[in-house]
Amino acid sequence: MNRTRLVLTGLAVAAAIAVSGCDPQPESEGTATSPSPAASSAAPTGGATTAPSTAANDAATIKACADVKKDIKDNAAKVTKAEKIGPPAGHFAVSAQWAAGSVAILAHSIGATEAVTAASEKIQNEMMGLSDAYNKSADAKPSKKALEAAIKELDTACSAA
């Protein structure tokens, strides 16, 4: 059981590291520094570059919200299917699916606003907690109330975006 958790956690960390290199902010910093030679027009140009960055962040947040919500629905369906396997082996499948779903949530939340990212991280943490609970016991029936609360936080953060 510990080996399975170690492998799944390793895969989650590897995926997070691989995806974390895709940060769009350095591009906007490079764009903001490009017009600096023109001292008299620096303020208007800075305002012009802020609007597209905000629009890009909004688009990234909207996409992240849609992707994360889709991941949540897809994961729920896959967990339900894995639960049908039943104990004793089924709990490994359920645990693995919760872990895989948490990695997808983490990967798709990158580039969103801080509120959406924070809510997605809470969902990811709750999913990993469920994964651990199922990994410990074949008869586990952990509560999903904390996950449901985290999903509501995501809905609130996405509606504010």
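Residue positions are given per chain, counting from 1 as you read along its sequence in written order. Where totals are concerned, whole chains, interfaces and linings use all residues; where local detail is concerned, this predicted model gives features only for residues with pLDDT of at least 70, and gives and counts side-chain atom pairs only at 80 or more. Just so you know, side-chain values use all the structure's heavy atoms and leave hydrogens and water out.

Visitor: Pulling in residues and values, what's your account of the overall build of the protein chain?
Guide: The number of helices and strands found in the protein chain is six helices and zero strands. Numbering goes from the N terminus for both helices and strands, where a helix is a DSSP run of H or I of at least four residues and a strand is a run of E of at least two. Counting from the amino terminus, helix and strand elements in the protein chain follow one another as α-α-α-α-α-α. When each of the 161 residues of the protein chain is scored for burial, the buried share is 26%. The contact definition used throughout considers only heavy atoms, calling two residues in contact when any of these lie within 4.5 Å. The long-range share in the protein chain, meaning contacts at least 24 apart out of those at least 6 apart in sequence, stands at 72%. When the accessible surface of the protein chain is summed, it comes to about 9500 Å², and 62% of that surface belongs to carbon and sulfur atoms. Relative accessibility under 20% of the residue-type maximum defines a buried residue, over 50% an exposed one, and the middle range a partly exposed one, all with a 1.4 Å probe and only protein chains included. The accessible surface values rely on the Shrake-Rupley method and a 1.4 Å probe; as for residues, cover is taken only from the protein chains in view.

Visitor: Please give an account of the packing of helix H4 (residues 90-108) against helix H5 (residues 114-136) that cites residues and values.
Guide: Where H4 contacts H5, the axes come no closer than 8 Å and their chain directions differ by 165°. Compared by their axis directions, H4 and H5 come out roughly antiparallel. Pair H4 / H5 crosses with left-handed handedness. Contacts between H4 and H5 involve His91, Phe92, Val94, Ser95, Trp98, Ala99, Gly101, Ser102, Ile105 and Leu106 from the first element and Ser120, Ile123, Gln124, Met127, Met128, Leu130, Ser131, Tyr134 and Asn135 from the second. Each residue is assigned to one class: nonpolar for Ala, Val, Leu, Ile, Met, Phe, Trp, Tyr, Cys and Pro, charged for Asp, Glu, Lys and Arg, and polar for all the others, Gly among them. Residue classes in the contact of H4 with H5 are distributed as eleven nonpolar, eight polar and no charged. To get an axis, fit a line to the C-alpha atoms, keeping to the stretch in contact for a helix; angles then go from 0 to 180 degrees between the N-to-C directions. Note that the term roughly parallel is reserved for angles under 35 degrees, roughly antiparallel for angles over 145, roughly perpendicular for angles of 65 to 115, and oblique for everything else. By convention, the crossing between two helices is left-handed when the near helix turns anticlockwise from the far helix through less than a right angle, and right-handed when the turn is clockwise.

Visitor: Could you give me a rundown of the environment of Ile110, with the residues and numbers involved?
Guide: In this fold, Ile110 is placed in the loop between H4 and H5. Separated by 46 residues in the primary sequence, Ile110 and Ala64 have C-alpha atoms spaced 7.2 Å apart.

Visitor: Describe in detail the environment of Ala160, supporting the description with residues and values.
Guide: Considering the arrangement of structural elements, one finds Ala160 in helix H6 (residues 145-160). Sequence separation between Ala160 and Val116 is 44 residues, and the spatial gap between their C-alpha atoms is 9.3 Å.

Visitor: Describe H5, and please don't skip the residues or the numbers.
Guide: Between the first and last residue of a helix there are one fewer steps than residues, each counted as 1.5 Å, and that sum is the expected span. The end-to-end C-alpha distance of H5 is 33 Å, a good match for the 33 Å that 23 residues give at a rise of 1.5 Å each. Those residues of H5 that sit buried are Val116, Ala119, Ser120, Ile123, Gln124, Met127, Met128, Leu130, Ser131, Tyr134 and Asn135.

Visitor: Could you give me a rundown of the state of the cysteines, with the residues and numbers involved?
Guide: Note on terminology: pairs of cysteine sulfur atoms within 2.5 Å are recorded as disulfides. Counted by the stated rule, this structure contains one disulfide. Bridging Cys65 to Cys158, the disulfide has an S-S length of 2.0 Å. Disulfide Cys65 to Cys158: torsion about the S-S bond roughly -100°, handedness left-handed. Of the two residues, Cys65 sits in helix H3 (residues 42-83) while Cys158 sits in helix H6, which places them 93 residues apart along the sequence.

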